[in-house]
Amino acid sequence: MRFIYSVVALLLYSATAFSQHQEIATKPEMWKGKQENLLDTSSLLYAFKSGTVNGHFRYFFMATDNAKGLTDFYGNAAGGGIRYETAKFKGFQFAVSGFYIFNIGSSDLTKKDPLTGLGSRYETTLFDIEDPHNKMDLDRLEEFYLKYNFKKSHISFGRQLINTPFINLQDGRMRPTGVEGIWMEFNDLPKTKIEGGLLYAISPRGTVKWYGVGESIGIYPSGVNADGSKAGYPGNVEASNLMQVGIHQTLSKKVTLHAWNLVVPKVFNSALLQLDFTLPAQEKDHQYYGSLQAVKQHALQDGGNEDPAKRFIEKDNGSFSYGARVGYKTPIWDLSLNYNRITKEGRYLMPREWGRDPFFTFMPRERNEGFGDVHGVVAKAAYSIPQKRLKLNVAGGYFKLPDVRNTQLNKFGMPSYMQVNLDVRYAFAGMFQGMDAQVLIVGKWNQGDLYQQAKYELNKVNMVLYNFVLNYHF
C-alpha cells in the first residue's frame, strides 16, 4: 500500500512539474506567436503580428585637423538599432526602438590640448559626452510610445522623436536628440496643421541617459555669463517641463505661414514667425522661392534660478533675430542666398542640447546660438542626379560676430569666421540597396582678433573637419 501511495505521489508531482517546465525535446514556448495560425483581424494579437520592423546600422568617422601646434582628434563609431511599430488597433499603435554604439578605435578623447586645457569638441558627441571613458555601455532606449490615430491626426505619449525649429533631431552624429512627453499633430482643419505638446524629459544627442528638462540644459559646454564669469547654470536650471506649439497655415497655393512658440516656465519664451512663398519660372518644373523669418526671445521670471550666476538667461533679458532667403530650384539644381541678423538687443540663447539653430544661414558643424550683434550671409548650391543616386551640396558663409572679449554678446568666445562645406551623398542600388554614404568636409577660417590666445582658435577656426558616414537601412 505504501508503494501505491508513493507511485501516486510521484505521478502528481510529475504532472505539476510538467505544468511548470518543458521537456528538453519540445520546442521553446517563450515566443508563442508563431504557433497561432488563425488570427482574428480585429484582435490585438493581429495588430502586433502585422506590425513593421525597421533596422539601421551606422558607421561614423570624424576627424578634426586643427591649426599647427594644436591637438588633433579623431573618432570611429559603429552601431545599430531596431525599431518596431504595431499596426493600428482601434486607432492605437505602439512603437519601441533602441540603438547601441561602439567606440571601435578613436584618439584618446579624455586628452586635453596642452596649450588650452581643452579637449575634443566634435568627436565626443559620437559617444557619451558626459563620460569620454565610456566605450562599451552606449545603448539607449530611444522610442517607447503609445499613439492614438483619429481621422488625419494623432497624439502620442512616451519617448519619441520630433523635428521642430527649436527642438529637433540634430542628426549629425550617431543618434539624434529624443524627447519624452505628449505630442499631438492635428490635420483636420482646412489648409491648417497644428502640432505641439508638453515635454518633461530629453535625451540629447551624444548622451545615453534621459534627463529632466532643467537637467538637460548645460550638458554641453556652457560658455560664460554676460559678465565674463563661468556660466553656472548646468545642473541648476529649475524647469520640470516645457510647452511648444506650431501652427502652419496655407494662405494660398504659393504662400505658407508658420508660427511657433516655446515656453519653458520660469526660464524663457521663444517665438518664431516664418513666411514661405514660391513663384513659377518660365520653364516647367522650375521655380523661384523665398522666405522671411523673425525670432523673438525673452526671459521669464528669474531666467531659471534666483542666483544670477546660475541663470540660463539673464533676468529681463531678450534677443531678436530676423532673416531672409531667396532661391531658384530645378529638378537638378537648388540655389539660394541666405541672410540672418541677430540684433544688439542681447544674446540669442537656446539649449544646444535640444537642437540646431532654425536660421536660414545654419551650416552643419557650427552655430550662432549664444551670440548677439551677428550678421550671417550664406550661399548654398545643391546638385542632384537622381539617375545616378548622387547629391552634391556646396555652401559658403561669412559670419560677423562680436569681439571674442565682448562677453555681453559673445557667450563662447567665438571669433568672426568664414566657413565652407562640401557635402557628397550617394545611395547604393542592387545588392547594396538600402545603403547610403556621405562625405562632409568643413573648413573654418578666422576673421577676427584672437589676441594670440589659442583657446579662441582650437576647434573653432583655422581648422578642417572631416566626416565619413555609412548607413544601412532595412
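Residues numbered from 1 in each chain as written. Predicted model: local features only at pLDDT ≥ 70, side-chain atom pairs only at ≥ 80, totals over all residues. Heavy atoms only, no water.

## What to know about the pairing of strand β11 (residues 268–280)
Piece 1. Bridge analysis of strand β10 (residues 255–264) against β11 gives ten bridges, and the strand direction is antiparallel. Its bridge partner being in β11, Leu257 is matched across the sheet by Leu275.
Piece 2. From the end of β10 to the start of β11, which pair antiparallel, there are three residues, and Lys266 there has a positive phi angle of about 70°.
Piece 3. Between β11 and strand β12 (residues 287–299), which pair antiparallel and follow one another directly, the connecting turn spans six residues, one of which, Asp285, has a positive phi of 65°. (Pairing = 2+ DSSP bridges. Helix = DSSP H or I, 4+ residues; strand = E, 2+ residues; numbered from the N terminus.)

## Quick notes on the pattern of salt bridges
Piece 1. With the rule as written, the count across this model stands at 15 salt bridges.
Piece 2. In this structure, Glu142 engages Arg140 in a salt bridge whose closest nitrogen and oxygen atoms are separated by 2.8 Å. As far as burial versus exposure is concerned, Glu142 and Arg140 are alike and both buried.
Piece 3. The closest approach of N and O atoms between Glu345 and Lys296, which form a salt bridge, is 2.5 Å. Here Lys296 lies in strand β12 and Glu345 lies in the loop between β14 (333–342) and β15 (374–385), a separation of 49 residues in the sequence.
Piece 4. Relative accessible area serves as the criterion here: at 42%, Glu345 is assigned to the partly exposed category. (Salt bridge = Lys/Arg side-chain N within 4 Å of Asp/Glu carboxyl O. Buried < 20%, exposed > 50% of the residue type's maximum accessible area, 1.4 Å probe, protein only.)

## Regarding the side chain of Gln244
Piece 1. Topologically, Gln244 is positioned in strand β9 (residues 242–250).
Piece 2. Taking the relative accessible area as the measure of exposure, Gln244 reaches 3% and is therefore buried.
Piece 3. If we ignore the near neighbours within four places in the chain, the residues touching Gln244 are Ile162, Thr164, Phe166, Ile167, Trp183, Glu195, Gly196, Gly197, Trp260, Asn261 and Leu262. (Contact = heavy atoms within 4.5 Å.)

## As for a nonpolar patch on the surface
Piece 1. There is a patch of nonpolar side chains on the surface, built from Val53, Phe57, Ile82, Tyr100, Phe102, Ile104, Met136, Tyr472 and Phe474 and spanning about 840 Å² of accessible area.
Piece 2. Residue assignment for the nonpolar patch shows that the elements contributing at least two residues are β1 (52–65) and β3 (92–103).
Piece 3. Tracing the chain through its elements places Phe57 in strand β1.
Piece 4. Look at Phe57 and you get partly exposed, because its relative accessible area is 38%. (Patch = residues over 30% accessible without salt bridge, like charges linked within 9 Å, V, L, I, M, F, W, Y side chains within 5 Å. Areas by Shrake-Rupley, 256 points an atom, 1.4 Å probe, with all protein chains shown as cover.)

## As for the packing of aromatic side chains
Piece 1. All told, the structure shown has 21 aromatic pairs when counted by the stated rule.
Piece 2. Plain terms: the ring middles of Tyr148 and Phe150 are 6.0 Å apart, the flat faces sit at 20° to each other, and that makes the pair stacked.
Piece 3. Three or more aromatic residues joined by ring pairs form one cluster here, namely Phe92, Tyr148, Phe150 and Phe186.
Piece 4. Taking the ring centre of Phe412 as reference, the NZ or CZ of Arg352 above it sits at 4.2 Å.
Piece 5. Looking at Arg405, its charged tip hangs above the ring of Tyr451, at a distance of 3.8 Å from the centre. (Phe/Tyr/Trp six-rings, centres within 6.5 Å; stacked < 30°, edge-to-face > 60°. Lys NZ or Arg CZ within 6 Å of the ring centre and 35° of its normal.)

## A look at the environment of Val378
Piece 1. Inspection of the secondary structure assignment puts Val378 in strand β15.
Piece 2. Exposure remark for Val378: the relative accessible area of 0% places this residue in the buried category.
Piece 3. Placed 40 residues apart in sequence, Val378 and Asn338 show a C-alpha to C-alpha distance of 5.1 Å.
Piece 4. Residues contacting Val378, with those up to four places away along its chain left out, are Ser336, Leu337, Asn338, Thr361, Met363, Gly396, Gly397 and Phe399.

## Comments concerning the pairing of strand β5 (residues 153–160)
Piece 1. For strand β4 (residues 139–150) and β5, the ladder comprises seven bridges, and the chain directions are antiparallel. In the strand pairing of β5, Phe144 is matched with Arg159.
Piece 2. Following β4, the chain reverses through two residues before pairing antiparallel with β5; Lys151 in that reversal takes a positive phi of roughly 50°.
Piece 3. In this structure, β5 lies alongside strand β6 (residues 178–189), joined through seven bridges in antiparallel fashion. In the strand pairing of β6, Gly158 is matched with Gly181.

## Thoughts on the side chain of Asn338
Piece 1. Here Asn338 shows up in strand β14.
Piece 2. Side chain to side chain, Asn338 and Ser336 meet in a polar contact 3.1 Å long.
Piece 3. Residues within four places of Asn338 in sequence aside, it is in contact with Ala324, Arg325, Phe360, Thr361, Gly376, Val377, Val378 and Lys380. (Polar contact = N/O pair within 3.5 Å; in protein donor to acceptor, adjacent residues only side chain to side chain.)

## Let's talk about the confidence of the model for the chain
Piece 1. Across the chain, the average pLDDT comes to 93, with 92% of residues at or above 70.
Piece 2. When the criterion is pLDDT under 50, residues 1–20 qualifies, and its contacts beyond four places in sequence or with other chains add up to one contact. (pLDDT = per-residue confidence, 0-100.)

## Some remarks on the environment of Arg311
Piece 1. Looking at where Arg311 falls in the secondary structure, it is placed in the loop between β12 and β13 (318–329).
Piece 2. Put simply, Arg311 and Val439 are 128 residues apart on the chain and 39 Å apart in space, counted from C-alpha to C-alpha.
Piece 3. Excluding residues within four positions of it along the chain, Arg311 makes contact with Asn225, Tyr233, Asp302, Gly303, Asn305 and Glu306.
Piece 4. At 2.9 Å, the side chain of Arg311 and the backbone oxygen of Asn305 are in polar contact.
Piece 5. Within polar-contact distance, the side chain of Arg311 engages the backbone oxygen of Glu306 at 3.2 Å.

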